[in-house]
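# Analysis of the macromolecular model
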Amino acid sequence: MSSWFNVQALYVLWLREMKRYVRARSRIIGSLAMPFFFLLFLGTGFKSFRPPSMPEHVDYLNYLAPGMLAVVLQFGSMFSGMAILWDRQFGFLKEIMVAPVSRVAIVLGRTLGGMTTAFMQGFLFLVVATGAGLRLHSFAGCVLTPLFMLMIAAAFVNVGIALASVMRDMQGFSLVMNFLMIPLFLLSGAMFPIEQFPRWVQLLAYADPLLYGVDGMRFGLIGASRFPPLVDFTVLVVFCSIMVSTSAYLFSQVEMD
Amino acid sequence: MVATGSVFSAACQQPDELFALETRNLTKQYNGLTAVDRVTLQVRQHEIFGLLGPNGAGKTTIMKILATLTLPTAGEAWVWGHRVTHDKDAVRRCIGMVFQEPALDDRLTGRENLDFHGRMYGMQRAQRERRIRDMLHLVGLEDKADVLLKQYSGGMKRRLEIARGLMHFPRVLFLDEPTLGLDPQTRYHIWDYIRQLNAAEGVTVILTTHYMEEADALCSRVGIIDYGKVRVVDTPACLKNSLGNDILTIEAMPLEPLYTALAEQPWVQSITCHDQTIMVSVRQAEQTITSAVLLAQRVGSTISSLAVRKPSLEDVFLHYTGKRLRDEGTTTQGQHLRRGHP
C-alpha cells in the first residue's frame, strides 16, 4: 500500500485535480484569454513578418501559435505544481501528508493531475488558435504534438512541485515569475527566432528546455523545426526525468511545521 | 535517546501491555528554541488522554511528531508499537488526525472529502461508502453531504473533520484543540461525539486543549504541559485531590485588612487575591470557615460572599506551573478565576 505505485492514491489525487479544475470555470477562460489575445494581435500585427529559416507558407501567426501553446502549458502546469503552496496555506496538505501514501506517489498523483489540466488548457488553446487562423500541417503532426504537450506539462508540474517544496508560502512567487518563468518563455523562441540574440544569449537559450518543447511542437503543428524532432524529444525526456526526480526528492524532505 | 535501554527492558517485562502511544525524552528544537523538552508519556489503549497547556506550550508540536509530520530533534516515540521516525507508513495507517486549523478542500463536497480520505487509506468501494454513511450519521451531517465545503460553518467543518479522522478505523485518534473557536453548544456536541466514538469504536483518543473544562469533562487522564515540559500526568480527580485542600473564596469590603490578617493565620496554606476576591487554600474548610468569619469581624471587614469549593484543574495548573492559563478562551465556568492576576 505504501509503494510508490499506489493506484488508488494516484487516482484520487488526480480525481481531486479534475474536480477542482472543472469547478473553476472562470479560471479556465481567464488563463486562456491572454495567450489567445497575444496570438491574435501579434499574429495580425506582424502579419508581413516572415520568420527566418521557416518555409514560405508559414506566416507569423502560425509561427507564434506553437510558442503560445508552449506558454499555456508552461504556466498552467507550473501553477498546478505550485498549488501545493495553496494546499499548505489552506491546510489540506496536512491531510495529504498524514496519509499512508509514499511521497513519490503524492508527487506522481499531482503530476498526472497537472498534466491533464495543462493538456486540456493546451487543447482548448489549439481549438481557438485554429479558429484564429492556425493551419495544422499534417496528420502525423496531430499525433506528435500531444506527446510534446504532455512532456512539457509533466516537466513543468515538477518544476512547480520542486519550488513549492522549498518555499514556505507564496511570498517568493513574483521572484519565480520574473526570474524563471518569463526568462524561460522569452528564451524559448516562442515569439521570435533566437538567431537575432547575441551569441551568449543564444547559448543561454540552448539551455532552456522550453526551446526544445516549442521546437518540437512547431514541427508537429506547422511541419518546420530547427532541430530534428528526435533531438527535441530526447532533451525533453531527460529534462522531465531530472525534474521528476528532483521534485520527488525535495517533496519527500518537506516537513509540516 | 537517553536511557531507552532500561525503559525497553522494563517494557519487555510486561509484554501484555501495549501502549497506544509512548514517548521517551521526546525533544524538538526550532532554531535553538526548545518547543518540546524531553517529554516522556505513556498512553494506554482506549484511553482519552488530554494534553493540557496554554497556547505555545508545545502541544501541537508533539502531535505533529506523533503524526509523522515533523521529525523530533531527539528522543523517540511509538504509536501502536511503531516508531514514528522509522516506520512512518505503519504509524500513518493506525492514526486518525484532526488538526487545529481546518485541513479540508473547500472546493469539494463533504462526501468527496471523505471519499478522498478513504481512497488515500486504500479502502475498497463498498466499505468506503458504508463508512462514509456511518460517519456522516455519527456527526449529523447526512443532509449536508453533497454541499460544497465553502458553505459549511466552522462547527460543521470541525464535525466533518472528526468524521474523516475516523473513516479508516484508526487505532489512535489525535484531536488538536478539537473545540477551539467553537460556540459552547457546538463544543458540548463535539464532546458527546468524542465520548461516543471512544465507547463505540474503542478508539484511543489523544487530545490537546487549553480549556480546563474540556480536559476535566472528557479525559481519563491529563498531562499538564508548559514550556514544552510535561509537569504532571494523572486522572483529573487525582490531580485535584493531590492538592488536598479546600479553597475558600471570600469577597469582602474592605479587602486589604482581611487579606493581611488571613495571611498571618497558621491554618492558611496559601492565599491569593485578585478581582476583589480572596482565595485561601486550607486543609479542611469545615474547621476554618468560622475562624475566617470571626477574623473578618475583628478587622472590620464585611463579608459579602463566602464560598467553599474543591480545587479545580485550574488550581492544579496553577500549582504545577505557577501561573494561570495565559489564554483567556471562551470559557463558560469559573470565569472569575481567570481574570487578572493574583
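Since we're looking at a predicted model, the values are computed, not measured. (Residues numbered from 1 in each chain as written. Chains lettered and ligands numbered in written order. Predicted model: local features only at pLDDT ≥ 70, side-chain atom pairs only at ≥ 80, totals over all residues.)

### Some points on the interface of chain A and chain B
Residue-level contacts link 21 residues of chain A with 23 residues of chain B. Elements with a contribution of two residues or more to the side of chain A that touches chain B: helix 1 (7–23) and helix 4 (92–97) of chain A. With 7 residues, the top contributor of residues to the side of chain A that touches chain B is helix 1 of chain A. Per-class residue counts for the side of chain A that touches chain B are 10 nonpolar, 3 polar and 8 charged. (Contact = placed C-beta atoms within 7 Å. Helix = DSSP H or I, 4+ residues; strand = E, 2+ residues; numbered from the N terminus. Nonpolar A, V, L, I, M, F, W, Y, C, P; charged D, E, K, R; others polar.)

### Observations regarding the domain arrangement of chain B
For chain B, the assigned domains are domain 1 (20–234) and domain 2 (244–311). Using C-alpha coordinates to define each centre, domain 1 of chain B is positioned 42 Å away from domain 2 of chain B. (Domains from an automatic or database assignment.)

### Some words on the packing of helix 2 (residues 25–45) of chain A against helix 3 (residues 60–89) of chain A
Residue and element names in this part refer to chain A. Viewed as axis vectors pointing N to C, helix 2 and helix 3 meet at an angle of 165°, and their least axial separation amounts to 9 Å. If you check the angle between helix 2 and helix 3, you find them roughly antiparallel. In the packing of helix 2 onto helix 3, the handedness of the crossing is right-handed. Across the interface between the two elements, S31, P35, F38, L39, L42 and G43 of helix 2 pack against Y60, L61, L64, A65, M68, V71, V72 and G76 of helix 3. For the contact of helix 2 with helix 3, the per-class residue count stands at 11 nonpolar, 3 polar and no charged. (Axes fitted to C-alpha atoms, helices over the stretch in contact; angles between N-to-C directions. Parallel < 35°, antiparallel > 145°, perpendicular 65-115°, else oblique. Left-handed = near helix turned anticlockwise from the far one by under 90°.)

### Things to note about the packing of helix 4 (residues 110–120) of chain B against helix 5 (residues 125–138) of chain B
Residues and elements named next belong to chain B. Viewed as axis vectors pointing N to C, helix 4 and helix 5 meet at an angle of 135°, and their least axial separation amounts to 10 Å. Our classification of the angle between helix 4 and helix 5 gives oblique. The way helix 4 lies across helix 5 gives a crossing that is right-handed. Counted together, R111, L114, D115 and G118 of helix 4 and R128, R131, I132 and M135 of helix 5 form the full contact between these two elements. Considered class by class, the residues forming the contact of helix 4 with helix 5 number 3 nonpolar, 1 polar and 4 charged.

### Examining the sheet that holds strand 12 (residues 268–274) of chain B
Residues and elements named next belong to chain B. In space, the 4 strands of this open sheet follow the order 12-13-11-14, with antiparallel pairing throughout. Every other strand in the sheet has two partners, leaving strand 12 and strand 14 (302–309) as the edge strands with one partner each. Within the sheet, the average angular offset between the axes of one strand and its neighbour, ignoring direction, is 20°. Pairing geometry for strand 11 (residues 246–253) and strand 14, over 7 bridges, is antiparallel. The partner of A252 across the bridge, within strand 14, is I303. Lying on the sheet, helix 10 (residues 255–263) is in contact with strand 11, strand 12 and strand 13 (277–282); it crosses strand 12 at an angle near 160°. (Pairing = 2+ DSSP bridges.)

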